[in-house]
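Structure assessment
What follows is the residue order along each chain.
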Amino acid sequence: AVRDTKKRAEQVKINLQANQYAVGILRIQQNLIGQKQNIKDFLSAVKDTYFDRECRTYLAQINEKQLVILFLGGCRSRQSFLKTVKEGMTAIGKSMEKYYNLSFHCILGRVCSQWTQIPASYKDALSVWKGFLESADIVICYEEALHHKRDPGNESFERPRKLEQDLVMHIQMGKNEK
């Protein structure tokens, strides 16, 4: 399976040689359906402008509102890799909001040291993405979200349980009135 994966990566011209690996899910906040802008093509064209040479990116479009980005870093440390990814994605996000009135969040999975762990990084990003509501940060890291959830005084990544209960109660009351 490992050899097959390496062959497939080579076929699509992905160089898997790196010190760190992470998967980011780009969650686009605006409706692009029917617009001629192709976010994947745009990001492919500008990504090298925003990222250090030590960070390579590969993009895959999942649907019109979701894009997966594979980050591969040659940085010496995990912290410098995360910093490079965060700074690059934040700069892209600010530019897109300013010039194209388009906002997004990049949910970044766990940083791995082996390319065979890329699927786990994607699963981590997906687990945060599914429970994600809103954040002021453009880049949300798996480890930070996990730490946020564990902190009992911080509920910014938790589901709004009280609002959910109120909504269910109002729906039930509406049904009873009919």
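Residue indices begin from 1 for each chain and proceed along its sequence in written order. Local features in a predicted model are, by the rule used here, given only for residues with pLDDT of at least 70; side-chain atom pairs are given and counted only at 80 or more, and totals for whole chains, interfaces and linings are based on all residues. Where side-chain values are given, they derive from all heavy atoms of the structure, hydrogens and water being excluded.

1. Describing the packing of aromatic side chains
- Each aromatic pair joins two rings of Phe, Tyr and Trp (for Trp, the six-membered one) with centres within 6.5 Å, and gets the label stacked for planes under 30 degrees apart, edge-to-face for over 60, and tilted for any other angle. Summed over all chains, the structure comprises one aromatic pair.
- A ring has a charge above it when a Lys NZ or an Arg CZ is no more than 6 Å from the ring centre and no more than 35 degrees off the ring normal. A cation sits over an aromatic face here: Lys47 above Tyr58, 5.8 Å from the ring centre.

2. Remarks on the pattern of salt bridges
- Here, a salt bridge means any Lys or Arg side-chain nitrogen found within 4 Å of an Asp or Glu carboxyl oxygen. If you walk through the whole model with that rule in mind, you get two salt bridges.
- Here Lys83 makes a salt bridge to Glu87, at a shortest N to O gap of 3.9 Å. With a gap of four residues between them, Lys83 and Glu87 both fall in helix α3 (residues 78-100), about one helical turn apart.
- Partly exposed describes any residue whose relative accessible area lies between the buried limit of under 20% and the exposed limit of over 50%, with all areas from a 1.4 Å probe on protein chains only and scaled to the type maximum. Note on Glu87: relative accessible area 48%, which makes it partly exposed.
- When the shortest N-O distance is used, the salt bridge between Asp124 and Arg110 registers 2.9 Å. Linking Asp124 in helix α4 (residues 118-131) with Arg110 in the loop between β4 (104-108) and α4, this pair joins segments that are 14 residues apart in sequence.
- The exposure class of Arg110 is partly exposed, given its relative accessible area of 36%. Each helix corresponds to a stretch of at least 4 residues labelled H or I by DSSP, and each strand to a stretch of at least 2 residues labelled E; elements are numbered beginning at the N terminus.

3. Description of empty space enclosed by the protein
- Space inside and on the surface of the protein is sampled on a 1 Å grid over the protein atoms alone, with a cavity defined as a set of points where a 1.4 Å probe fits but cannot get out and a pocket as an open set with protein on both sides within 12 Å along at least 5 of 7 lines; lining residues have an atom within 4 Å of a point. Grid points are joined across faces, edges and corners, and a volume is the space filled by probe spheres set on the points. Across all of its chains, the model carries one cavity of 30 Å³ or more by this definition.
- Estimates place the volume of the largest cavity at around 50 Å³.
- Together, Leu43, Lys47, Phe51, Thr57, Leu59, Ile69, Met89 and Ile92 line the largest cavity.
- The nonpolar class holds Ala, Val, Leu, Ile, Met, Phe, Trp, Tyr, Cys and Pro. Asp, Glu, Lys and Arg form the charged class, and all remaining residues, Gly among them, are polar. For the lining of the largest cavity, the residue count by class is six nonpolar, one polar and one charged.

4. Thoughts on the layout of surface pockets
- Its volume calculated, the largest pocket comes out at about 430 Å³.
- Lining the largest pocket are 18 residues, and of these Thr5, Ile14, Leu16, Leu70 and Ile118 lie nearest its centre.
- Elements supplying a minimum of two residues to the lining of the largest pocket: α1 (2-11), β2 (55-63), β3 (66-73) and α4.
- Here the lining of the largest pocket is built from residues that sort into 15 nonpolar, two polar and one charged.

5. Some thoughts on the side chain of Thr84
- Among the structural elements, Thr84 can be located in helix α3.
- Judged by its relative accessible area of 13%, Thr84 falls in the buried class.
- Two residues form a contact once any of their heavy atoms are found within 4.5 Å. Once you skip the residues sitting within four places of it in the chain, Thr84 turns out to touch Phe51, Asp52, Cys55 and Cys75.

6. Re the confidence of the model for the protein
- This prediction gives the protein a mean pLDDT of 79; 81% of its residues lie at or above 70.
- When the elements of the protein are averaged for pLDDT, helix α5 (residues 142-150) gives the smallest value, 68, and strand β1 (residues 20-28) the largest, 90. pLDDT is a residue-level measure of predictor confidence that goes from 0 to 100.

7. Considerations on α3
- Here the expected span of a helix is defined as 1.5 Å times the quantity of residues minus one. Between its first and last C-alpha, α3 extends 32 Å over 23 residues, near the 33 Å set by a 1.5 Å rise per residue.
- Those residues of α3 that fall on the buried side of the exposure criterion are Phe81, Leu82, Thr84, Val85, Gly88, Met89, Ile92, Gly93, Ser95 and Met96.
- Of the surrounding elements, those touching the buried residues of α3 are β1, α2 (39-50), β2, β3, β4 and β5 (139-141).
- Positioned one or two residues after α3, Asn101 has a phi angle of 55°, which is positive.

8. Points about the pairing of β3
- Burial analysis of β3 places eight of its eight residues in the buried class, the great majority of the element.
- Because side chains alternate across β3, one face comprises the buried residues Gln66, Val68, Leu70 and Leu72, and the other comprises Leu67, Ile69, Phe71 and Gly73, equally buried.
- Strand pairing is assigned whenever DSSP identifies at least 2 bridges connecting the two strands. Relative to β3, β2 runs antiparallel, the two being bridged by eight bridges. Looking at the pairing, Arg56 lines up with Leu72 of β3.

9. Some remarks on the nonpolar core
- Formed by 26 residues in total, the largest nonpolar core has its most connected members in Leu26, Leu43, Phe71, Phe81, Met89 and Phe104.
- The set of elements that each furnish at least two residues to this core consists of β1, α2, β2, β3, α3, β4 and β5.
- Take this core: its biggest share by element is six residues, from α3.
- Joining through side-chain atoms within 4.5 Å is the link that ties buried Ala, Val, Leu, Ile, Met, Phe, Trp, Tyr and Cys residues into a set, and such a set is a nonpolar core. Leu16, Tyr21, Trp115 and Ile118 belong to the second largest nonpolar core, which has 12 residues in total.

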